[in-house]
Structure formats: C-alpha cells, structure tokens
Amino acid sequence: MVEGSAVAEDRLKVEELMGQFNTEQACADALYAAKWPNGFRCARCGHLHAYKITTRRLPLLECRACHYQESLTAGTVMEGSRSSLRKWFHAIVLVSYNPGGVNAVQLGGAIGVTYKTAWLILHKLRHAMSQADTYIKLSGSVRVNAAFYGRPHNPSLQRHPQEQPLLVGASVNNEGQSIYIKIKQVEQNYLLERSVKHAGTRAFMESQVEAGAADVEFVTARFSSRRFQTLLDNVKEASRWINKMFHGIGPKYLQAYLDEYCCRLNYNNQEGSILKRLTHLCASTETVTSRSLIGFVVTT
Ligand SMILES: [Zn+2]
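Thresholds, definitions, all that
- Residues numbered from 1 in each chain as written.
- Predicted model: local features only at pLDDT ≥ 70, side-chain atom pairs only at ≥ 80, totals over all residues.
- Heavy atoms only, no water.
- 1 Å grid on protein atoms, 1.4 Å probe; cavity = no way out; pocket = protein on both sides within 12 Å on 5 of 7 lines; lining within 4 Å.
- Points joined across faces, edges and corners; volume = space filled by probe spheres on them.
- Helix = DSSP H or I, 4+ residues; strand = E, 2+ residues; numbered from the N terminus.
- Nonpolar A, V, L, I, M, F, W, Y, C, P; charged D, E, K, R; others polar.
- Polar contact = N/O pair within 3.5 Å; in protein donor to acceptor, adjacent residues only side chain to side chain.
- Salt bridge = Lys/Arg side-chain N within 4 Å of Asp/Glu carboxyl O.
- Buried < 20%, exposed > 50% of the residue type's maximum accessible area, 1.4 Å probe, protein only.
- Core = buried A, V, L, I, M, F, W, Y, C linked by side-chain atoms within 4.5 Å.
- Domains from an automatic or database assignment.
- Contact = heavy atoms within 4.5 Å.
- Buried area = accessible area lost by both parts, 1.4 Å probe.
- Donors = N, O, S within 2.8 Å, 3.2 Å for Na, K, Ca; no water.
- Tetrahedral: all angles 85-135°; square planar, octahedral: opposite > 155°, others 65-115°.
- Pairing = 2+ DSSP bridges.

Looking now at the layout of surface pockets. Counted as a void, the largest pocket has a volume near 900 Å³. Lining of the largest pocket is provided by 27 residues; of these, Asn-98, Pro-99, Gly-100, Arg-264 and Asn-268 occupy positions nearest its centre. For the lining of the largest pocket, the element with the highest residue contribution is helix α1 (residues 3-20), accounting for six residues. Of the residues assigned to the lining of the largest pocket, the class counts are ten nonpolar, nine polar and eight charged.

Structural data, given as structure tokens:
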C-alpha cells in the first residue's frame, strides 16, 4: 500500500470512530469494557455484582455486597476530569489514528477545549503510555545505540548544550528487525563528552532490559562502524516528528514525547487495534495530576 492511501484510510477511520464515540453512553460503555474486561469487580471486596447509579454525570457503581461506591473513571487517567468522556475518547481516537498523532492546538480545536486542557489531556494519555512501557523489558536479542535529540546536523565531537543524549534500544528478531523499541533520555552525569559512560549503559540495562538477557550489544561511540543504523533512523524520525508536530521539546518533557513515538511504533508492529490498546491503558492507569506535570492545578 502506498503511503498516501494509508493516510487517507486513517483519516476515514478517525471520522468513523469519532462518530462511534459521539455520545456519553457509548463512551461510558467502552470505558466500562476496558476497565472491567472480565466484568465488574469491587475494588474493596472483590464481589462481582454492582448496581449502576446513572443519575450523575458519570456512572457510579455500587457493590451489591459491601456497598462501596466507585466512579467509572476512578483509577483511570480520566479521574477527576471535568471534560466529557466524549472529549476524552475523541482525543484517544486522534492520538491513535490521526496521521502523526495530534498536538494541543489541533486537539483543542477538534474537541472544543482550551489549549491548556488539551495539553493536559495529551500529557495524561502520554503518562498512560509511559507507565505501560515501564512494565515491558527488552528481551531476547537486544541492540542498543547511543543517539542525540536536537541539533541533528552538528558534526562536532563536542556536545552542544541543547543536545539531549539518548539510548535507543530494541528487541530484535533473527532478521535483525525491531520487535519492540525504547528511546530513553540519558542523565547528564552518565556522559563523557559525546559518549555514554559504563554507568549509563548499566542503568539502561537495569531499568529497560530483562534480567539475564544473554545477547545484548551496546554501541556508545558516536561514529562507530558497528552502529545500529535502523535504531539511529528511528531516533531521526522521532526527532523530525517532535520538531514538526510540536516545534521542538525541551529536556523536561522530552521523555513523554519519545514514549508516545515508541508506543505508536510498537503498536503498529503488533497485532490488534491501537485504539483498543490505548483505551485499555487509559482505563488501567492512575491519572497524573496537573500539579505534578506543571507545578500547579489546572482542571481537565
Ligand atoms: Zn464490595
């Protein structure tokens, strides 16, 4: 399939899915199914039956055994949000299928919220993606290469202060193709000019690679002839996407955008619907507050 028709197909999918999630009821049903894929289960006593109280804006579930009440959005990224479920689901659809995802200006216009609210909704979705990635370790044959975000055409051996050092790693199959990829920022204290110190690769091993993985190769020298070009191309593409869609990102939020990039790439490599997976992540990830994201309270 040529790229043009794939993009057109994605746009059609966006329109169709926006229509599917056009009522609060449809969105509540989808969130319920994602939150309790095996049916309701009381968070307090584990009982399997609940009364549905639908007099409020969001459905409330009351356990039939212990009468514990739980909002449909409790324990999800939507918890505490004032935006309708419809707006959240439209955001999830756009992140899943809009070619290249969506930025806060575009999302604000599409769902009718302020830039700040759109920015926070997107960061809460990214938070769900980042959290999910922390549970997945690279395994089997693992290839890791040092890379940089920012100032891509700087050929110097000296590191420019704006450059963000990264490690890009992947589990690869027998043909050397990436099965699952991660791009992670490297802390400044793990750097020696443009090279990552041993402590930096060890930190990546400990946090991102399955313990006991036997076949792991690291390339940390900038111009090594052994470099893993496919991985470096992934970083190039991620950088291009971040610069085009978000006009560049500083070190504080860079990891969230890298995680979104990898999440979309990894989902495209796997079977099953991106939308379904992302909805499941949103339904099973505790929200992050605006205070911890930006230091003060803004309602979504
Ligand atoms: Zn209960």
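So, about the environment of Ser-224. Relative to the helices and strands, Ser-224 is located in the loop between β9 (215-219) and α7 (229-246). Considered as a pair, Ser-224 and Asn-145 are 79 residues apart in the sequence and their alpha carbons are 9.9 Å apart. Side-chain polar atoms of Ser-224 contact the backbone nitrogen of Arg-226, separated by 3.0 Å.

Let us look at the pattern of salt bridges. Side-chain pairs of opposite charge can arise whenever the charged atoms involved come near each other. Within this structure, the stated rule accounts for nine salt bridges. Put simply, Lys-184 and Asp-133 hold a salt bridge, and the shortest N to O gap is 2.8 Å. Note that Lys-184 is positioned in strand β6 (residues 178-185) and Asp-133 in helix α5 (residues 115-134), a separation of 51 residues in sequence. An identical accessibility class is assigned to Lys-184 and Asp-133; each is buried. Put simply, Glu-217 and Arg-226 hold a salt bridge, and the shortest N to O gap is 3.8 Å. Through salt bridges with shared partners, one network takes in Asp-133, Lys-182, Lys-184 and Asp-259.

Turning our eyes to something else, we now look at the nonpolar core. Membership of the largest hydrophobic core comes to 76 residues, with the highest contact counts inside it found for Met-78, Leu-85, Leu-107, Leu-125, Ile-183, Ile-242 and Tyr-257. Shared between two domains, this core takes at least three residues from each, and those domains are domain 1 (3-134 + 289-294) and domain 2 (141-274). Beyond its immediate chain neighbours, meaning those up to four positions away, Ile-183 contacts Leu-166, Leu-167, Val-168, Asn-234, Val-235, Ala-238, Gln-255, Leu-258, Asp-259, Tyr-261 and Cys-262. Membership of the second largest hydrophobic core comes to twelve residues, among which are Leu-138, Leu-167, Tyr-180 and Ala-213.

What the domain assignment lists for the protein is domain 1 (3-134 + 289-294) and domain 2 (141-274). Each of domain 1 and domain 2 has a C-alpha centre, and these two points are 29 Å apart. Between domain 1 and domain 2, the residue contacts involve 17 residues of the former and 17 residues of the latter. Between domain 1 and domain 2 lies a buried interface of about 1,500 Å² when both sides are counted; carbon and sulfur atoms form 48% of it.

Now for the side chain of Thr-117. When you line up the elements, Thr-117 lands in helix α5. In this structure Thr-117 comes out as buried when scored by relative accessible area, which is 11%. Those residues in contact with Thr-117, other than ones at most four positions away along the chain, are Ser-83, Thr-299 and Thr-300.

What follows deals with the coordination of the zinc ion. Taken together, Cys-42 (SG), Cys-45 (SG), Cys-63 (SG) and Cys-66 (SG) make up the full set of protein donors to the zinc ion, lying 2.3 to 2.4 Å away. Every donor counted, the four donor atoms about the zinc ion form angles of 104 to 113° at the centre, which fits tetrahedral coordination. Between consecutive donors of the zinc ion, the numbers of intervening residues give the motif C-x2-C-x17-C-x2-C. Of this pair, Cys-42 sits in the loop between α2 (24-35) and β1 (50-53) while Cys-66 is found in the loop between β2 (60-63) and β3 (69-71), placing the two residues 24 residues apart along the sequence. Classification of Cys-66 by relative accessible area gives partly exposed; the value is 22%.

On to the pairing of strand β4 (residues 141-149). Most of β4 sits inside the fold, with eight of its nine residues counted as buried. With nine bridges connecting them, β4 and strand β5 (residues 164-172) associate as antiparallel partners. Of the residues in β5, the one forming a bridge with Tyr-149 is Gln-164. In this sheet, β9 lies alongside β4 in parallel orientation, the contact comprising five bridges. The partner of Arg-143 across the bridge, within β9, is Glu-217.

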